[in-house]
Amino acid sequence: MKILVVSDIHGSLLHAQKAIEAFETHQADMMLMLGDFLYHGPRNPLPPQYDPMAVSQLLNRYADRILAVRGNCDSEVDQMILDFEIMAPYTMILNGSRRLFATHGHLYDLQQKPAQIRPGDAYLFGHIHLPLATVENGIYVLNPGSISLPKQNNPHTYGLLDQQGFTILTEDHQVFNHIDFD
């Protein structure tokens, strides 16, 4: 199974469209969305083409192929216009024999990874707007970066996950980083 991993759209129609383009380009089976869908948050600038309603309408067309978790900028009001569940703080996915713990990253961070994660599993998160693919204490630590509001001069990025590994790609589909699973 091929899973497109996106985080931190923050209401940018332009970058929601880039995420859908990536989904179609890679012919992914599912989209794993790691929170912060519609609202830009009080500390972030308005992203390009800020249009939360249009973002919700675009994503709703793919609702049957989206797995999502709640970000710190998401609320019950956002859930009212989305046709897929966004209120869970985390989800667990089985990728072959590897467990994937997916969260936004504001409740469960690198120091507070849940006890059920064991070496060989993966911890996927967003929130920090920085792409990351590394191994810590035998656990794969993966962040697709932000598709709309990257930080520290990083490009706009998303992730592609399959049983072989995790690839971080730029919005123009160029490989930014990759890690193979053992």
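Everything below is about the structure shown above.
Summary of the structure given here. Just so you know, these numbers come straight off a predicted model, no measurement behind them.

Turning our eyes to something else, we now look at the packing of helix α1 (residues 13-25) against helix α2 (residues 52-60). Running from amino to carboxyl end, α1 crosses α2 at an angle of 15°, the nearest separation of the two axes being 9 Å. Relative to α2, the element α1 lies roughly parallel. Along this stretch, α1 crosses α2, giving a crossing that reads as right-handed. Counting all contacts with α1, which are made through Leu13, Ala16, Gln17 and Ile20, the residues of α2 involved are Ala54, Val55, Leu58 and Leu59. Looking at the contact of α1 with α2 residue by residue, the class counts come to 7 nonpolar, 1 polar and no charged.

Take the nonpolar core next. Residues Leu4, Met33, Leu59 and Phe84 are the most contacted members of the largest nonpolar core, which totals 30 residues. With 6 residues, α1 is the single largest residue contributor to this core. In this structure, Val5, Leu100, Leu124 and Leu161 belong to the second largest nonpolar core, which totals 19 residues.

Another aspect to go through is the side chain of threonine 167. Relative to the elements of secondary structure, threonine 167 occurs in strand β10 (residues 165-170). The residues contacting threonine 167, other than those within four sequence positions of it, are Tyr158, Gly159, Leu160, Val175, Asn177 and His178.

Reading across the sheet, the 5 strands line up as β4-β5-β6-β8-β7 and stay open at both edges, with mixed pairing between neighbours. Edge strands, defined here as strands with exactly one partner in the open sheet, are β4 (90-95) and β7 (131-136). Across this sheet, the average inter-strand angle for adjacent strands is 15°, counted without regard to direction. Bridge count between β4 and strand β5 (residues 98-103): 6 bridges; the pairing is antiparallel. Paired with threonine 91 across the bridge in β5 is alanine 102.

Our next topic: the packing of aromatic side chains. Taken as a whole and assessed by the stated rule, the structure comprises 8 aromatic pairs. Plain terms: the ring middles of tyrosine 90 and tyrosine 108 are 5.6 Å apart, the flat faces sit at 90° to each other, and that makes the pair edge-to-face. Residue tyrosine 90 is located in strand β4, and its partner tyrosine 108 is located in the loop between β5 and β6 (122-124); the two are separated by 18 residues in the primary sequence. Summarising the aromatic geometry, the rings of tyrosine 140 and phenylalanine 181 are spaced 4.8 Å apart at their centres and angled 70° between planes, so their arrangement reads as edge-to-face. One end of the pair, tyrosine 140, is in strand β8 (residues 139-144); the other, phenylalanine 181, is in the segment after β11 (175-180), with 41 residues separating them in the sequence. Grouping residues by exposure puts tyrosine 140 and phenylalanine 181 together as buried. Taken together, the aromatic side chains of Tyr90, Phe101, Tyr108, Tyr123 and Phe125 make up a single cluster linked through ring pairs.

If a strand is regular, its side chains alternate between the two faces of the sheet. Side chains of strand β1 (residues 3-6) alternate between two faces, with Ile3 and Val5 and Leu4 and Val6 buried alike. Examined bridge by bridge, β1 and strand β2 (residues 30-33) share 4 bridges and lie parallel to one another. Bridging from a neighbouring strand, valine 5 pairs with leucine 32 of β2. With α1 bridging β1 and the parallel β2, this β-α-β connection has right-handed handedness. Where β1 lies against strand β9 (residues 157-161), 3 bridges are found, and the strand directions are antiparallel. The residue of β9 that forms the bridge with leucine 4 is leucine 160.

In spatial order, the strands read β3-β2-β1-β9-β10-β11; together these 6 strands make up an open sheet with mixed pairing. The outermost strands of the open sheet, each flanked by one partner alone, are β3 (66-68) and β11. Neighbour to neighbour, the strand axes of the sheet diverge by 20° on average, direction disregarded. As paired elements, β9 and β10 share 5 bridges and run antiparallel to each other. Within β10, the residue paired with glycine 159 across the bridge is isoleucine 168.

How each quantity is defined
Residues numbered from 1 in each chain as written. Predicted model: local features only at pLDDT ≥ 70, side-chain atom pairs only at ≥ 80, totals over all residues. Heavy atoms only, no water. Axes fitted to C-alpha atoms, helices over the stretch in contact; angles between N-to-C directions. Helix = DSSP H or I, 4+ residues; strand = E, 2+ residues; numbered from the N terminus. Parallel < 35°, antiparallel > 145°, perpendicular 65-115°, else oblique. Left-handed = near helix turned anticlockwise from the far one by under 90°. Contact = heavy atoms within 4.5 Å. Nonpolar A, V, L, I, M, F, W, Y, C, P; charged D, E, K, R; others polar. Core = buried A, V, L, I, M, F, W, Y, C linked by side-chain atoms within 4.5 Å. Buried < 20%, exposed > 50% of the residue type's maximum accessible area, 1.4 Å probe, protein only. Pairing = 2+ DSSP bridges. Phe/Tyr/Trp six-rings, centres within 6.5 Å; stacked < 30°, edge-to-face > 60°. Right-handed = clockwise from strand over helix to strand, strands pointing away.

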